[in-house]
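For reference, the chains in residue letters:
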Amino acid sequence: MADRITLDINSAGEFELWLNPGGRDLLVKKLLALSEINERFHLMPSEVPSDVEVSTRRYRPNDRLLEYGKVLFRLDEWDAQHFPHVLE
């Protein structure tokens, strides 16, 4: 079975992240690889070359799919300099 990661906003407005075992393993691998040098990865559908492919199939008809995203690793020192309000 292919890796599957589905991101959506459900009908109640809540964010959901759906993963099969391969998708979970890929996402955990990418998260663990984040560092000061490798500080982001992109999530996109298969039509666009990216770090992590996301599914474009909804689980429920009312779900609003999120097909494009970015995961950013942020050190407190970086945020203190560039976005200090997030540390308050």
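To be clear, the structure that these remarks concern was listed above.
Draft legend 1. Up close: the pairing of strand 1 (residues 5-9). For strand 1, the tally of buried residues reaches 5 of 5 residues, placing the bulk of the element in the interior. Where burial is concerned, the two faces of strand 1 agree: the one with Ile 5, Leu 7 and Ile 9 and the one with Thr 6 and Asp 8 are both buried. Pairing between strand 1 and strand 2 (residues 15-19): 5 bridges, direction antiparallel. When the sheet's bridge partners are listed, Leu 7 is paired in strand 2 with Leu 17. Counting the residues between successive antiparallel strands, the hairpin from strand 1 to strand 2 contains 5 residues, one of them, Gly 13, with a positive phi of roughly 85°. Sheet analysis places strand 1 next to strand 5 (residues 64-65), joined by 2 bridges and oriented antiparallel. Across the sheet, residue Ile 9 finds its bridge partner in strand 5, namely Arg 64.

Draft legend 2. Representation of the packing of aromatic side chains within the structure. All chains considered together, the criterion is met by 1 aromatic pair. Ring geometry for Trp 18 against Tyr 59: centres 3.9 Å apart, planes inclined by 10°, an arrangement best described as stacked. You can see Trp 18 sitting in strand 2 and its partner Tyr 59 sitting in the loop between strand 4 (52-53) and strand 5, a full 41 residues away along the chain. A residue is classified by how much of its surface remains accessible, and Trp 18, at 24% relative accessible area, is partly exposed. Its relative accessible area of 37% is what places Tyr 59 among the partly exposed residues.

Procedures and definitions
- Residues numbered from 1 in each chain as written.
- Predicted model: local features only at pLDDT ≥ 70, side-chain atom pairs only at ≥ 80, totals over all residues.
- Heavy atoms only, no water.
- Buried < 20%, exposed > 50% of the residue type's maximum accessible area, 1.4 Å probe, protein only.
- Helix = DSSP H or I, 4+ residues; strand = E, 2+ residues; numbered from the N terminus.
- Pairing = 2+ DSSP bridges.
- Phe/Tyr/Trp six-rings, centres within 6.5 Å; stacked < 30°, edge-to-face > 60°.

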